[in-house]
Amino acid sequence: MSPRQDTDIDIRPIREDEIREWTRALHTGFQLPPTISDADVEDRSTYIVPARTLGAFDATRCVGTFRSFPQQITAVGGTPVQADAISNVTVTATHRRRGILTRMMAKDLAAAKERGDTVATLIAAEYQIYGRYGFGAATTAAEWTIDVPRAGLDPRWSGPEDGGRIDLVDGDDVRKTGPELHERLRRAQPGVVDRDEQWWQVRTGALVLDPASWTEPFHAVYRNAEGEAEGLLTYTVDDHWGDVKQPLETAKVKDMIAVTPAAERALWRYVCSVDWVTKVRTGWRAPDDLLPHLLPDPRAARILTQADLLWVRVLDVVAALEARTYGAKGTLVLEVVDRGGLCGGRYRLDASETGASCARTTEDPELTLDVGELGSLWLGDESAVRLAALGRVREERAGAALLADALLRTSRRPWCPDIF
């Protein structure tokens, strides 16, 4: 059953004086206390842009929220692609099934298409919502817990054996070192999104939006033998002791950037060597992270969660396919079905290891797929052969899905470390 369209609900960008009411609706949608303080309004005002912040209003009461902001996401091959990042999506429980989200999404995506954004992105709290708007799950994230005593690491370890070193630093140092390290990671890792100055201020305590929940973390930087920073680890440690006066603390990794395997090895080894730490929770990592096999006993790292993270909605097929590189040379004609009416049609992709050209065509299609499946394939994580077996893409020519995999899939899986 399709939701009915309630034309009495006014969907529009909010005004500055409506930020409090919009925030109340946001809190209600996310099951947070609905009483909004002046500090809540002030915090929200530091980063939302009213022109890109939609509210659904029933008379003067806000019953739906939707926000977007500019973002860059790294395509396969390292090219930054302009994205419409979507966040803060809610519909109040009293107004479900009235088409409010559909109207907000259509309004935002049309504006993004008009601006020239190549894709839209979001993190989906609920799996079943966003496929109908043309989004596809494009990256997966995993979190491990490491049983440190079982890992088989040398307890006498005192630092990297490669001539590098690890230094503990403060937030000021992180704000100087972190952005450049993240940019190096972003140029090399498909799926990584950019971080603005406020992101670093919030993560290092220079801007504390919620003092009650802020805990000052530890920051460790790995420098190679030449003194160049190649990795950054941010973590907290709880205060837990067993019944027989035994420290059983857990280190929780908040962020870890490593631009070389040496940095990755050294930083994981470091956090596992901290006195009293018997367990490490890794935070969100790539599903093919090196971590388990950096331990003498990989079974000491147990997966807690593995699930979809970043979803992608292609807005411009030509720009998206031309932005990336490919695993082989080949030509593929795609029939893209887009119920949103933004980029459907038939496209010829001429791909190579160094780039591609793509254009609309009247040639017979070889592979037919929904724009959401194209979003899942774009960063190289999903398999067209697998989607064909699931009935989610259709081969119009035998072997087309296998060719799509040879062109589109990547040797290492894409990864997005950030939730937004």
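1. Let's talk about the sheet that holds strand β12 (residues 277-281)
So, point 1. Strand order in the open sheet formed by 7 strands is β8-β9-β10-β11-β12-β7-β13, with mixed pairing between adjacent strands. The two strands at the open ends of the sheet, each matched to only one other strand, are β8 (165-169) and β13 (301-308). The average angle at which neighbouring strand axes cross in this sheet is 25°, direction not considered.
So, point 2. Bridging between strand β11 (residues 249-258) and β12 involves 4 bridges; their strand directions are parallel. By the bridge assignment, Glu249 is partnered in β12 with Val277.

2. A few points about the sheet that holds strand β19 (residues 393-395)
The strands that make up a sheet pair up through hydrogen bonds in the backbone, lying either parallel or antiparallel.
So, point 1. Across the sheet, which stays open at both edges, the 5 strands sit in the order β17-β16-β15-β18-β19 with mixed pairing between neighbours. Both edges of this open sheet fall to β17 (355-360) and β19, since each of them pairs with a single strand only. On average, each strand axis in the sheet is inclined to that of its neighbour by 25°, with strand direction left out of account.
So, point 2. Pairing geometry for strand β15 (residues 330-337) and strand β18 (residues 367-370), over 4 bridges, is parallel.

3. Digging into unusual backbone geometry
Keep in mind that most residues, glycine aside, have a negative phi and that most peptide bonds are trans.
So, point 1. The backbone of Arg97 shows a phi angle near 60°, a positive value even though the residue is not glycine.
So, point 2. If you trace the backbone, Arg97 turns up in the loop between β4 (80-91) and α3 (100-115).
So, point 3. Using a relative accessible area of 39% as the deciding quantity, one classes Arg97 as partly exposed.
So, point 4. Look at Trp276: it is not a glycine, yet its phi comes out positive at around 80°.

4. Re the pairing of strand β5 (residues 119-123)
So, point 1. Most of β5 sits inside the fold, with 4 of its 5 residues counted as buried.
So, point 2. Relative to β5, β4 runs parallel, the two being bridged by 3 bridges. Counterpart to Asp84 in the pairing with β5 is Ala120.
So, point 3. Read from β4 through α3 to β5, the crossover connection turns out right-handed.
So, point 4. The pairing of β5 with strand β14 (residues 310-314) spans 5 bridges and is classified as antiparallel. Counted as the bridge partner of Leu122 is Trp311 from β14.

5. Remarks on the nonpolar core
So, point 1. Grouped together as the largest cluster of nonpolar side chains are 41 residues, with contacts concentrated most on Ile73, Val119, Val314, Leu321 and Trp378.
So, point 2. Among the elements that line this core, the one with the most residues is helix α10 (residues 400-408), at 5 residues.
So, point 3. Every residue in contact with Val314, bar those within four places of it in the chain, is listed here: Thr118, Val119, Ala320, Cys343, Val371, Leu374 and Gly375.
So, point 4. In this structure, Ile146, Ala151, Leu233 and Val277 belong to the second largest nonpolar core, which totals 29 residues.

Rules of the game
Residues numbered from 1 in each chain as written. Predicted model: local features only at pLDDT ≥ 70, side-chain atom pairs only at ≥ 80, totals over all residues. Heavy atoms only, no water. Pairing = 2+ DSSP bridges. Helix = DSSP H or I, 4+ residues; strand = E, 2+ residues; numbered from the N terminus. Axes fitted to C-alpha atoms, helices over the stretch in contact; angles between N-to-C directions. Buried < 20%, exposed > 50% of the residue type's maximum accessible area, 1.4 Å probe, protein only. Right-handed = clockwise from strand over helix to strand, strands pointing away. Core = buried A, V, L, I, M, F, W, Y, C linked by side-chain atoms within 4.5 Å. Contact = heavy atoms within 4.5 Å.

Honestly, it's all geometry; don't read function into it.
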